[in-house]
Amino acid sequence: MNRADGMRYAPEGKTNPVCGPGEFVFAAMALEHGHIYGMCNGLMEAGATLKWVYDPDPAKVEAFQARYPGVRAARSEAEILEDPEVRLIAAAAVPADRCALGLRAMEHGKDYFTDKTPFTSFEQLEAACRSVADTKRKYMVYYSERLHSESAVYAGQLIQEGAIGRVLQVMGTGPHRLQAPQRPAWFFEKERYGGILCDIGSHQAEQFLYYAGCRDAQVLHSKVANYAHPEYPELEDFGDAMLLGDNGATNYFRVDWFTPDGLGTWGDGRTVILGTDGYIELRKYIDVARSNTPDHVYLVNHEGERHIPVSGKVGFPFFGELISDCLHRTERAMTQQHAFKAAELALAAQANAIVIPNPSVKGGEELGINVPLVRRG
């Protein structure tokens, strides 16, 4: 696992099967993002059997089969969709194409597990809602910054145990390393990736809903910018937002593509959760200048101060719960309402974001703060 490159970041955890070989068969499709490897790892560690892979790019399929020997390469998407043994499709398509693939999977009686962001438009979200209602299939989302982070999982356990009382606010940062030469062309096309708040901001919206126990929220304010990459005019390299939950909890998050090369991983993702009786800080992927290991939890409450390293100790229960949910039609891993609400908030933050003009130097003078802002939506 290469922790310095988010495109290839594929967490591996404890093997904790919830089913036997062949009891839950799934297939991988649309290998556009490296998250597909983390998705497959999690499902297989929980006992799922990976039968098929399909992508129109033979090189992607070859690399996937090298990682997972014995997986069969399908000749077409239809060969997988029409296989009655396959219960779930795991996919990491181009963001704008994720919904259409999910609709086809559900229409063929398969549950669907997609990389985030699950949608790039409200129309796609509405179509998925209708299909879920009609087909009774699941449209689950790989919000990996919570689901595939042991520190994030442990924070949820602490909150459920009452370690910090009622959650009042969640603050999150999701910086990523750009590595532009390694990115595919669609990464720089706004219509295809959806915008920074829609894309990596969806992680942050999901974490807020989960940690604060909100069923709904509203976006109070959001901003996006391309501060430093004029060569990619459709790229947004910065975004932030403020949310208010239906229970009064608040949220601020920032996402960006400014991770410096000197950092020992792809992004210094952090979360701070404030409660009535204490607070939790997560240093998910590195503890800067102290340790290059991931999953550091800092807990402060009335009992004192604690630093709890949890890497390799907690595991990733979501995947086993998802398999059980698909087998028994339950909602232990994540409710459909929660998965869609997080996506809806990311879409709303993106659609209503203030666009910050590039504060480049003109004639030796920086643009003034009174420069007109452009609001979309």
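Residues numbered from 1 in each chain as written. Predicted model: local features only at pLDDT ≥ 70, side-chain atom pairs only at ≥ 80, totals over all residues. Heavy atoms only, no water.

Looking at an unreviewed UniProt entry, one finds the chain named Oxidoreductase domain-containing protein and attributed to Paenibacillus dendritiformis C454.

(A) The sheet that holds strand E4 (residues 86-92), seen in detail. The strand order E3-E2-E1-E4-E5-E6 describes an open sheet built from six strands, whose pairing is parallel. Across the chains shown, the open sheet's two edge strands, defined by having one partner strand only, are strand E3 (72-73) and strand E6 (139-142). Sheet topology places E4 next to strand E5 (residues 111-115); four bridges connect them, and they run parallel. By the bridge assignment, Ala90 is partnered in E5 with Phe113. (Pairing = 2+ DSSP bridges. Helix = DSSP H or I, 4+ residues; strand = E, 2+ residues; numbered from the N terminus.)

(B) View of the side chain of Asp295. Along the chain, Asp295 falls in the loop between strand E12 (278-283) and strand E13 (296-301). In this structure Asp295 comes out as buried when scored by relative accessible area, which is 6%. A distance of 3.2 Å separates a polar side-chain atom of Asp295 from the backbone nitrogen of Glu150. (Buried < 20%, exposed > 50% of the residue type's maximum accessible area, 1.4 Å probe, protein only. Polar contact = N/O pair within 3.5 Å; in protein donor to acceptor, adjacent residues only side chain to side chain.)

(C) Up close: the state of the cysteines. Within this structure, the stated rule accounts for zero disulfides. The closest cysteine sulfur to the non-disulfide-bonded Cys129 is located on Cys99, 9.3 Å from its own sulfur. For Cys129, a relative accessible area of 35% corresponds to the partly exposed category. Sulfur of Cys198: no disulfide; nearest cysteine sulfur belongs to Cys99 and is 12 Å away. (Disulfide = S-S within 2.5 Å.)

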